[in-house]
Number of protein chains: 2
Amino acid sequence: MKLEILTKSENREIQNTIITKIRDLINFKNLEPGDKLPSERMLSEKFGVSRGNVREAIQTLEYYGILKTIPQSGTFVANIGVIAMNGMIEDILRLVDPDFKSLVETRILLELKTARLAALRRTNVDLQSMRNALDAYTAKVLNGEDAVQEDLLFHLAIAEASGNSTMIRLMLIITPGILTNFEKYHVCDVNQAFIGIQEHEDIYKAIESNDPKLAKEKMKVHFKMLYQYCYNIKD
Amino acid sequence: MKLEILTKSENREIQNTIITKIRDLINFKNLEPGDKLPSERMLSEKFGVSRGNVREAIQTLEYYGILKTIPQSGTFVANIGVIAMNGMIEDILRLVDPDFKSLVETRILLELKTARLAALRRTNVDLQSMRNALDAYTAKVLNGEDAVQEDLLFHLAIAEASGNSTMIRLMLIITPGILTNFEKYHVCDVNQAFIGIQEHEDIYKAIESNDPKLAKEKMKVHFKMLYQYCYNIKD
DNA sequence: GTATTAAAATTGGTTAACCAGATTGGTTGG
DNA sequence: CCAACCAATCTGGTTAACCAATTTTAATAC
């Protein structure tokens, strides 16, 4: 049998076809929540793909809460109806690699909220880790060095201080895409870094003094440049 | 050798220890962005765990953009510095299963925004799929049936109409947790469903007439109950 | 005929062996 | 002395065989 290395997108295409087939199977067989899917081996044979591929597709659907596998027992349709399932799978299949614009738009949305929440909920420990990140950032900028990492850490510290575990998780999820695109489009500018010091200080002070409105406002100012830049990128 | 089935949390604990060890290794060996990690086989031997566990940990770190593996070549430290890396890994290790409160808080945040964006960007196709979901929802409610699925589809259709692929992705990611907790806490109430029809109609009309402010406002009304309910849950 | 129990088949999970491409080091021909 | 080439080795990716727990089936005792 011929073996070949699959690119990410090729592999994804296979996953999507398998997901489609699993969906069709559930619909055709009228499987209801709680019903058992055929075993991985049967599916791999029926679909003409390796069992590994089937497992991967199942894991994806499990990630989005559509299937539920129980060890030594089977894979089951989760407790959401067929209608919701079909709708969600449709969206999952349509998922594309995120574009820069949507990433920035989402990041700004998230961070305006985390800044606000941080001002309401920050503990002294949160405040200290924000202070540390901020000091490290300032030191590097004043020394003329690149400080993207310290910048990132400051923003993550704010997310931590927001006390919202889901938002932290979402921030971490979108961070790789943000970093990649920052590099690609050379967003970071040395000039901006200097301005950034004051902007960061303003945000910090607002959060320190428990002023949610001001914190959000200062974060908005901080993102103004980025916002404009992002909306000037060609679609 | 004894084999045993690991629970999800046990497996996660192993992953976290391996991630920690990889982080320590990078720090101790002063690996810089672009440097190559030892091979999976060497790591599995050095850490005393199976190669599969090592691969899983590497995949996690790759998911968050910290490592980058190239087939038939090796695993490399991604192009983010050690400082950012340490900060991010710390957050990743701290990640916990999301609590209901943070999920709802985040969902409301996201949906207020998607409603607004949908009012600005919706195409006629978007409008039609929203209409379909809405009609299905109304029909079921009027028939006295449970309509949680149709409700979900309507909200997903709005997210689609927002034209922001990242927000769609994040919505899908938090949806399983939302559904699980809705069941657990019996959030959905038949009384609310009737009110929901009008609220959904209001949101739809606002998006149809390209009124972002109104769309956000109507979405806020729609979430008012949920918001209060969520803040009354014990921490 | 029914309940009980044991054995056989089926399940998802795991692992060790294997694959082809990439890398590396040394060798050879110019 | 250097460039080109080749074979040995190392890499992540893949697969087939294996494991234990479960479920089903069949046989047996009552």
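Being a predicted model, the structure only gives us computed values, none of them experimental.

**Let's talk about the protein's contact with DNA strand C**
In the vicinity of DNA strand C there are 18 residues, among which Glu40, Arg41, Arg51 and Arg55 of chain A together with Gln72 of chain B approach most closely. At a separation of 3.1 Å, a base nitrogen of DNA strand C approaches a polar side-chain atom of glutamine 72 of chain A. Note that a phosphate oxygen of DNA strand C is positioned 3.3 Å from one of the side-chain N or O atoms of serine 50 of chain B. Only α2 (40–47), α3 (51–63), β1 (67–70) and β2 (74–77) of chain A provide two or more residues apiece to the surface near DNA strand C.

**Quick word on the domain arrangement of chain A**
Domain assignment breaks chain A into domain 1 (8–94) and domain 2 (100–232). Once you take the C-alpha centre of each, domain 1 of chain A and domain 2 of chain A turn out to be 39 Å apart.

**With respect to the interface of chain A and chain B**
Interface extent is often summarised as the accessible area lost during association of the parts. Residue-level contacts link 53 residues of chain A with 53 residues of chain B. A combined buried area of about 4,600 Å² lies between chain A and chain B, and 64% of that area is made up of carbon and sulfur atoms. Joining chain A to chain B, the criterion identifies 4 salt bridges. Inspection of the region where chain A meets chain B yields 21 residue pairs in polar contact (both at pLDDT 80 or more). Those elements that provide at least two residues to the side of chain A that touches chain B are α3, α4 (82–94), α5 (100–121), α7 (148–161) and α8 (165–185) of chain A. Among the residues forming the side of chain A that touches chain B, the class breakdown is 28 nonpolar, 12 polar and 13 charged.

**Concerning the protein's contact with DNA strand D**
All names here are of chain B. The immediate surroundings of DNA strand D are formed by 18 residues, with Ser39, Glu40, Arg41, Arg51 and Arg55 found nearest. Counting only atoms of DNA strand D within 4 Å of the protein, the fraction found in sugar and phosphate groups is 59%. Between DNA strand D and the protein, one listed contact pairs a base oxygen with a side-chain N or O atom of arginine 41 at 2.8 Å. With respect to DNA strand D, the side chain of arginine 51 contributes an N or O atom lying 2.8 Å from a base nitrogen. Looking at the surface near DNA strand D, the elements with two or more residues in it are α2 (40–47), α3 (51–63), β1 (67–70) and β2 (74–77). Each residue belonging to the surface near DNA strand D can be placed in one class, and the counts come to 3 nonpolar, 9 polar and 6 charged.

**Observations concerning the packing of aromatic side chains**
For any pair of aromatic rings, the description rests on two quantities: the centre-to-centre distance and the angle between the ring planes. Residues and elements named next belong to chain A. Following the criterion strictly, the structure yields 2 aromatic pairs over all chains and no others. Look at tyrosine 63 and tyrosine 64: their rings are 5.0 Å apart centre to centre, the planes differ by 80°, and that puts the pair in the edge-to-face class. Classification of tyrosine 64 as buried rests on a relative accessible area of 8%. Its end group placed over the ring of tyrosine 204, arginine 131 keeps NZ or CZ at 4.6 Å from the ring centre.

**With respect to the packing of α7 of chain A against α8 of chain A**
All names here are of chain A. Put simply, α7 and α8 touch, their axes get as near as 10 Å, and they point 160° apart. Of the possible angle classes, the one that applies to α7 and α8 is roughly antiparallel. The crossing of α7 and α8 is right-handed. Contact with α7, carried on its side by Leu152, His155, Leu156, Ala159 and Glu160, involves Ile168, Met171, Leu172, Thr175 and Leu179 of α8 and no other residues of that element.

**Topic: the relation of the copies chain A and chain B**
Superposing chain A onto chain B takes a rotation of 180° plus a shift of 0.0 Å along the axis, which leaves an RMSD of 0.0 Å. Classification of the inter-copy transformation places it as that of a two-fold axis. Every residue of chain A has its C-alpha some distance from the rotation axis, and the shortest such distance is that of leucine 170 of chain A, at 3.5 Å. A share of 100% of the interface residues of chain A reappears at the interface of chain B, consistent with the copies meeting face to face through the same patch.

**Some remarks on the nonpolar core**
In terms of nonpolar packing, the biggest core is built from 142 residues, with Ile22, Ile66 and Ile207 of chain A together with Ile66 and Ile207 of chain B touching the most fellow members. Isoleucine 207 of chain A has contacts with Ala115, Ala118, Ala119, Arg122, Leu127, Met130, Ile158 and Ala215 of chain A, leaving out every residue within four places of it along the chain.

**A few points about the pairing of β1 of chain B**
Residue and element names in this part refer to chain B. Bridge count for β1 against β2 is 4 bridges, and the pairing is antiparallel. Looking across to β2, one finds that lysine 68 is bridged to phenylalanine 76. In this structure, the hairpin formed by β1 and β2 is closed by a connection of 3 residues, where glutamine 72 is found at a positive phi of approximately 55°.

About the thresholds
- Residues numbered from 1 in each chain as written.
- Chains lettered and ligands numbered in written order.
- Predicted model: local features only at pLDDT ≥ 70, side-chain atom pairs only at ≥ 80, totals over all residues.
- Heavy atoms only, no water.
- Near = heavy atom within 4 Å.
- Polar contact = N/O pair within 3.5 Å; in protein donor to acceptor, adjacent residues only side chain to side chain.
- Helix = DSSP H or I, 4+ residues; strand = E, 2+ residues; numbered from the N terminus.
- Domains from an automatic or database assignment.
- Contact = heavy atoms within 4.5 Å.
- Buried area = accessible area lost by both parts, 1.4 Å probe.
- Salt bridge = Lys/Arg side-chain N within 4 Å of Asp/Glu carboxyl O.
- Nonpolar A, V, L, I, M, F, W, Y, C, P; charged D, E, K, R; others polar.
- Phe/Tyr/Trp six-rings, centres within 6.5 Å; stacked < 30°, edge-to-face > 60°.
- Buried < 20%, exposed > 50% of the residue type's maximum accessible area, 1.4 Å probe, protein only.
- Lys NZ or Arg CZ within 6 Å of the ring centre and 35° of its normal.
- Axes fitted to C-alpha atoms, helices over the stretch in contact; angles between N-to-C directions.
- Parallel < 35°, antiparallel > 145°, perpendicular 65-115°, else oblique.
- Left-handed = near helix turned anticlockwise from the far one by under 90°.
- Least-squares fit on C-alpha atoms with pLDDT ≥ 70 in both.
- Core = buried A, V, L, I, M, F, W, Y, C linked by side-chain atoms within 4.5 Å.
- Pairing = 2+ DSSP bridges.

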